[in-house]
Number of protein chains: 2
Amino acid sequence: MVEKRKPIKVEEALKRVLQYAKNGSTEYVSIEESYGRFLGEDLVATHDVPFFDRSPYDGYAIRSVDTVSASRNNPIEFKVVGEIGAGSVFEGVVGENEAVRIMTGAQIPEGADCVIMLELVTESGEQTIQIKRQVKQGENISFIGEDTKKGTVLASKGTYINPGVVALLATFGYKQVPVSAKPKIGIIATGSELLEVDQPLEPGKIRNSNTYMIMAQIERAGGEPIYFGQFKDDLRTCYEQVKNTLEHVDFLITTGGVSVGDYDYLPAIYEMLGAEVLFNKIAMRPGSVTTIAVKDGKLLFGLSGNPSACYVGCELFVKPILRTFLHNQNPVLKRTQAILGQDFPKANPFDRFVRGYVTFDGSQLLVHPVGLDKSNVVSSLAGANVLLVLPGGTRGFSKGMKVDVLLLEDQEGAPVDTFLAGFEKLNRGDSDEVI
Amino acid sequence: MVEKRKPIKVEEALKRVLQYAKNGSTEYVSIEESYGRFLGEDLVATHDVPFFDRSPYDGYAIRSVDTVSASRNNPIEFKVVGEIGAGSVFEGVVGENEAVRIMTGAQIPEGADCVIMLELVTESGEQTIQIKRQVKQGENISFIGEDTKKGTVLASKGTYINPGVVALLATFGYKQVPVSAKPKIGIIATGSELLEVDQPLEPGKIRNSNTYMIMAQIERAGGEPIYFGQFKDDLRTCYEQVKNTLEHVDFLITTGGVSVGDYDYLPAIYEMLGAEVLFNKIAMRPGSVTTIAVKDGKLLFGLSGNPSACYVGCELFVKPILRTFLHNQNPVLKRTQAILGQDFPKANPFDRFVRGYVTFDGSQLLVHPVGLDKSNVVSSLAGANVLLVLPGGTRGFSKGMKVDVLLLEDQEGAPVDTFLAGFEKLNRGDSDEVI
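Residues numbered from 1 in each chain as written. Chains lettered and ligands numbered in written order. Predicted model: local features only at pLDDT ≥ 70, side-chain atom pairs only at ≥ 80, totals over all residues. Heavy atoms only, no water.

In the nomenclature of an unreviewed UniProt entry, chain A is known as Molybdopterin molybdenumtransferase of Pallidibacillus pasinlerensis. According to UniProt, the comment filed for chain A under the heading Pathway (unreviewed entry) is "Cofactor biosynthesis; molybdopterin biosynthesis." Under the UniProt heading Cofactor (unreviewed entry), the entry covering chain A gives this text: "Mg(2+)". (UniProt positions renumbered as here; feature names shortened; annotations may be inferred.)

Pasting the structure below:
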């Protein structure tokens, strides 16, 4: 009755899944809707910045040659022949001992080759100023292309669009912004103990919280979650439901039903679909029963029905596939280290992902596990901002030790290679058998 | 012509603005739309968790008294009288030497007072099992309310709704979620040099990037930006525009027009409105001309037209007001320290907010300034994830020194008090006059 499963390491599981990662398409949205999306094409400077020689200060545009002999004891008088407000241009040419009042950002007028700041000038008459110092050629001019050259790639395809990127898009005229299309991710909940959110509780039942949690995780990662409801009871109906849903989505997530219990249909459904099961057991907790299969190139994520396991499975395996779909080059959780703020005496036969909360202590990261890492402890997920990575085969950790943490709310992510290397480097013990 | 302005310290400016901070209203959205919003009421456990005594494992529910004499050498036989799948209940009462097969999460049947795990049991016949160890009363039972007691506040009003909070909302039956209404924040751009995003460039002009950047900053902070277009040229029209817009928004942001130049109408408009100017000069860079006024309790944020100054002004002054409107208790940017990764030799007569990029070096935060902190350097904003806080009156900073940083992409924020204290503690020099 109990099927024997062979557990694989977390990094091996991720490698197998990533073989089926693919990029999605690109679509256009207005710049007002672009925040929080991912660039569907490289963001290229469509012109030099500055686009024209401009003044970085309020002041007077003059010819440097006219200031050569200027000094405190030898003030030179200039005739103010015009004024350039921001956005306007001076039509004439600045001649000998002539000055044009210029505002910050305005174009340097023809003839002038430097700017003297307003504060350094004395008004000596209605239309005259005095200058008491030499100004060099090019002084106080921001030259064409000085900031950015036309054609420069300023943010590459797949970059998360933050407010600074939006500013760049506006600067370079992207009224319509090419963004990565969001993957449509179907969700089916399984479990005869599940009630919908608006159903009253009854003995033996719990409300379906995993679906809504995963929907939020998918949104956070940049995808479009679509909830297809709960499984009906018989196997044939379940199979049809999975098969039909799969046609309408880019990936499918199921929650629950992947254990080896009598009521868990998913292994049978994978077989009926003719889907290839990439693995059905991972040497990790929570989430050891996480099962991932592939059917005609589409991934089916079988996440555990346990909320913590479901959460971890989604972050570790769904997110990288989702972010790759968005063309993002850093599709996995960013990993760093933190000082453990309290003892964690539990032995770890397997790699363990413990919900934690990171704070800052000076320039150091400090992490505390949040709640207990028991089954169904939903309440501690709300307060977690990291997952601690505690390697398998270890006998517990003491306050003050450095541990690896994965950042949950970070939007930058990390490249796959460094993430995998992080797992391969883990100082695991020898108890991998003890699954 | 040039108005003399009296600069105040950053913390003093923030204190003045916060006097006008107010909470917004609460509205309801479906749980599917709740991710990324802020709780409009405390999230309360509407029932105990577990809601019934349940089994944390697959196994058999039995009476502990029947195992008192069980041992390896004295296996006790139990008759399997039923089976409880997840979601179903056992109708009978477990009697002497009877066992009921129970699935993870299922309700403990009447009569039973402990559970033995599946792995520790030997099937000895069609409907019989053998138990070779004593099981204690209460062993392997998750008791009613063990995880969470009914009535517990699990997340307070104003909390950012992350996926873990969504899971809690679902668990406790919040099909409709009370969320803080988003403040409507109007934006008006000023500056005759501004082109709209879809207009072709021309000499002397630049495209309006600040508006779109601020819209994204407002969205990131949780507000609803509304762009009301660019100022028309004459003062009377501008005044009417500000006056009318103010009636339709919770706060109003203007960009540009707050300097002391000839073309900057805002000081005049504040006067015409009868608005109280809280300050019009701050001892900081960029953004020294940031001006904030209040009219009938509504704040008018006059941000600089310089993109960096505009960005900083929005994060330092608009965000705390916005987050307070959302009932959030941590409305200001989270502040920590980081090791400076390179020299920053520039002297700081005033507090300086430098765009930076933080990385992790082991469990340490390391920060590098991004680009130069010049006017109009838009490109570096896209790559920044922090603002370095470099106190005024200092002569530059060396690699390896600890500096304060404000986290831009963090959603947790910090309480006002600690933020203000952070500024008050700054090791400033004596050059406050040098504005």
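Read on, since the account is not over.
This brings us to the relation of the copies chain B and chain A. Mapping between the two copies of the chain is achieved by a rotation about an axis and a shift along the axis. For these two chains of identical sequence, chain B goes onto chain A by a turn of 180 degrees and a shift of 0.1 Å along the axis, with RMSD 0.1 Å. What we have between these two chains is a two-fold relation. Judged by C-alpha distance, Gln364 of chain B is the residue of chain B that lies nearest the rotation axis, at 2.3 Å. The overlap is high: 100% of the interface residues of chain B also sit at the interface in chain A, so the same surface is used on both sides. (Least-squares fit on C-alpha atoms with pLDDT ≥ 70 in both. Contact = heavy atoms within 4.5 Å.)

Before going further, it helps to examine the interface of chain B and chain A. Opposite the 81 residues of chain B that make contact, chain A presents 81 residues. Together, the buried faces of chain B and chain A total about 7,000 Å²; carbon and sulfur atoms form 59% of this surface. For the pair chain B and chain A, the interface holds 0 salt bridges. The interface formed by chain B and chain A holds 18 residue pairs in polar contact (both at pLDDT 80 or more) in total. Looking at the side of chain B that touches chain A, the elements that each hand over two or more residues are helix H2 (163-171), strand S13 (206-207), helix H3 (210-221), strand S20 (335-340), strand S21 (351-361), strand S22 (364-369) and strand S24 (402-407) of chain B. With 8 residues, the single largest contributor to the side of chain B that touches chain A is H2 of chain B. Taken together, the residues of the side of chain B that touches chain A break down into 39 nonpolar, 22 polar and 20 charged. (Buried area = accessible area lost by both parts, 1.4 Å probe. Salt bridge = Lys/Arg side-chain N within 4 Å of Asp/Glu carboxyl O. Polar contact = N/O pair within 3.5 Å; in protein donor to acceptor, adjacent residues only side chain to side chain. Helix = DSSP H or I, 4+ residues; strand = E, 2+ residues; numbered from the N terminus. Nonpolar A, V, L, I, M, F, W, Y, C, P; charged D, E, K, R; others polar.)

Here the focus is the packing of helix H1 (residues 10-18) of chain B against helix H7 (residues 416-424) of chain B. All names here are of chain B. Remark: H1 packs on H7, axes separated minimally by 9 Å, with the N-to-C direction vectors making an angle of 155 degrees. In terms of orientation, H1 and H7 fall into the roughly antiparallel class. Here H1 contributes Val10, Glu11, Leu14, Lys15 and Leu18 to the contact with H7, which in turn contributes Val416, Phe419, Leu420, Phe423 and Glu424. Tallied by class, the residues present in the contact of H1 with H7 amount to 7 nonpolar, no polar and 3 charged. (Axes fitted to C-alpha atoms, helices over the stretch in contact; angles between N-to-C directions. Parallel < 35°, antiparallel > 145°, perpendicular 65-115°, else oblique.)

This part covers the pattern of salt bridges. Per the stated rule, a full pass over the model turns up 30 salt bridges over all chains. We note a salt bridge from Lys295 of chain B to Asp296 of chain B, for which the minimum N-O separation is 3.8 Å. Assessed through its relative accessible area of 70%, Asp296 of chain B is described here as exposed. Between Lys334 of chain B and Asp410 of chain B there is a salt bridge, with its nearest N and O atoms 3.8 Å apart. Here Lys334 of chain B, found in the loop between helix H6 (307-325) and S20, pairs with Asp410 of chain B, found in the loop between S24 and H7; they are 76 residues apart in sequence, far enough to count as distant. Look at Asp410 of chain B and you get buried, because its relative accessible area is 15%. The network of salt bridges with common partners includes Glu11, Asp351 and Arg428 of chain A. (Buried < 20%, exposed > 50% of the residue type's maximum accessible area, 1.4 Å probe, protein only.)

Turning next to the sheet that holds strand S4 (residues 76-84) of chain A. Within a sheet, each strand pairs with its neighbour through backbone hydrogen bonds, oriented either parallel or antiparallel. Residue and element names in this part refer to chain A. Strand order across the open sheet formed by 6 strands is S6-S3-S5-S4-S8-S7, with mixed pairing between neighbours. Of all strands in the sheet, those with a lone pairing partner are strand S6 (114-117) and strand S7 (121-125), marking the two edges. The average undirected angle you get between the axes of adjacent strands in this sheet is 40 degrees. (Pairing = 2+ DSSP bridges.)

Residues and elements named next belong to chain B. The mixed open sheet is built from 6 strands, whose spatial order is S14-S11-S15-S19-S18-S16. What marks the edges here is a single partner per strand, and that holds for strand S14 (224-230) and strand S16 (276-279). Within this sheet the neighbouring strands show an average axis-to-axis angle of 25 degrees, counted without direction. In this sheet, S14 lies alongside strand S11 (residues 184-189) in parallel orientation, the contact comprising 5 bridges. Looking at the pairing, Gly186 lines up with Ile226 of S14. Across the sheet, helix H4 (residues 235-247) lies against S11, S14, strand S15 (251-255), strand S18 (291-295) and strand S19 (298-303), angled at about 130 degrees from S19, the strand it touches most.

A few words now on the domain arrangement of chain A. What the domain assignment reports for chain A is domain 1 (10-25 + 181-325), domain 2 (30-49 + 159-180), domain 3 (59-131) and domain 4 (335-424). Between domain 3 of chain A and domain 4 of chain A, the C-alpha centre-to-centre distance is 62 Å. (Domains from an automatic or database assignment.)

What follows deals with the nonpolar core. Membership of the largest hydrophobic core comes to 150 residues, with the highest contact counts inside it found for Phe301 and Phe317 of chain A together with Phe301 and Phe317 of chain B. When sequence neighbours within four positions are dropped, the list of residues in contact with Phe301 of chain A reads Val17, Phe251, Leu252, Ile253, Thr254, Thr291, Ile292, Phe317, Val318 and Ile321 of chain A. (Core = buried A, V, L, I, M, F, W, Y, C linked by side-chain atoms within 4.5 Å.)

Okay, the pairing of S20 of chain B next. Residue and element names in this part refer to chain B. Counting buried positions over the 6 residues of S20 gives 5, a clear majority of the element. As judged from the 5 bridges shared by S20 and S24, these two strands associate in the antiparallel manner. Bridging across to S24, Ala338 finds its partner in Val403. The pairing of S20 with S22 spans 2 bridges and is parallel. Each bridged residue has a counterpart across the sheet, and for Leu340 the counterpart in S22 is Val367.

The next thing to look at is the environment of Glu224 of chain B. All names here are of chain B. Here Glu224 shows up in strand S14. Between the alpha carbons of Glu224 and Val249 there is a distance of 9.8 Å; along the sequence they are 25 residues apart. Contacts of Glu224, omitting those with residues within four sequence positions, involve Lys182, Pro183, Lys184, Ile185 and Ile218.

What follows deals with the pairing of strand S23 (residues 386-390) of chain B. Residue and element names in this part refer to chain B. Taken across its 5 residues, S23 has 5 buried, putting it largely inside the fold. Along S23, one buried face is formed by Val386, Leu388 and Leu390 and the opposite face, lined by Leu387 and Val389, is buried too. Two strands pair when backbone bridges link them, and S21 and S23 are joined in this way by 5 bridges, in the antiparallel orientation. Paired with Arg355 across the bridge in S23 is Leu387.

Attention now goes to H2 of chain B. Here H2 of chain B lies mainly inside the structure; 9 of its 9 residues are buried. Of all the residues in H2 of chain B, the buried ones are Pro163, Gly164, Val165, Val166, Ala167, Leu168, Leu169, Ala170 and Thr171 of chain B. Where the residues of H2 of chain B are buried, they touch strand S13 (206-207), helix H3 (210-221) and helix H6 (307-325) of chain A together with strand S2 (43-44), strand S9 (153-155) and strand S10 (176-180) of chain B. For H2 of chain B, the side-chain oxygen to backbone nitrogen distance between the N-cap and Gly164 of chain B is 2.9 Å, and the N-cap itself is Asn162 of chain B. Once H2 of chain B ends, the next one or two residues include Gly173 of chain B, with phi positive near 80 degrees.

All names here are of chain A. Going through the model one piece at a time under the given rule, you end up with 16 aromatic pairs over all chains. Taking 5.5 Å as the distance between ring centres and 65 degrees as the angle between the ring planes, the aromatic pair formed by Phe38 and Tyr160 counts as edge-to-face. A residue pair is termed long-range when its members are at least 10 positions apart, and Phe38 in the loop between strand S1 (26-30) and strand S2 (43-44) and Tyr160 in the loop between strand S9 (153-155) and helix H2 (163-171) qualify at 122 residues. With respect to class, Phe38 is no different from Tyr160; both count as buried. Residues Phe419 and Phe423 carry aromatic rings whose centres are separated by 5.2 Å and whose planes lie at 80 degrees to one another, so their mutual orientation is edge-to-face. (Phe/Tyr/Trp six-rings, centres within 6.5 Å; stacked < 30°, edge-to-face > 60°.)

Right, let's get into the side chain of Thr291 of chain B. Residue and element names in this part refer to chain B. With respect to the element layout, Thr291 can be found in strand S18. A polar atom in the side chain of Thr291 sits 2.8 Å from the backbone oxygen of Val289. When neighbours within four sequence positions are excluded, Thr291 is seen to be in contact with Arg5, Val258, Tyr270, Val277, Phe279, Asn280, Leu300, Phe301 and Gly302.

Put simply, H3 of chain A and H2 of chain B touch, their axes get as near as 8 Å, and they point 155 degrees apart. Here H3 of chain A lies roughly antiparallel to H2 of chain B, going by the angle between them. Handedness of the crossing formed by H3 of chain A with H2 of chain B: right-handed. Facing Tyr212, Met213, Ala216, Gln217 and Arg220 of chain A of H3 of chain A, the residues of H2 of chain B in contact are Pro163, Val166, Ala167 and Ala170 of chain B. (Left-handed = near helix turned anticlockwise from the far one by under 90°.)

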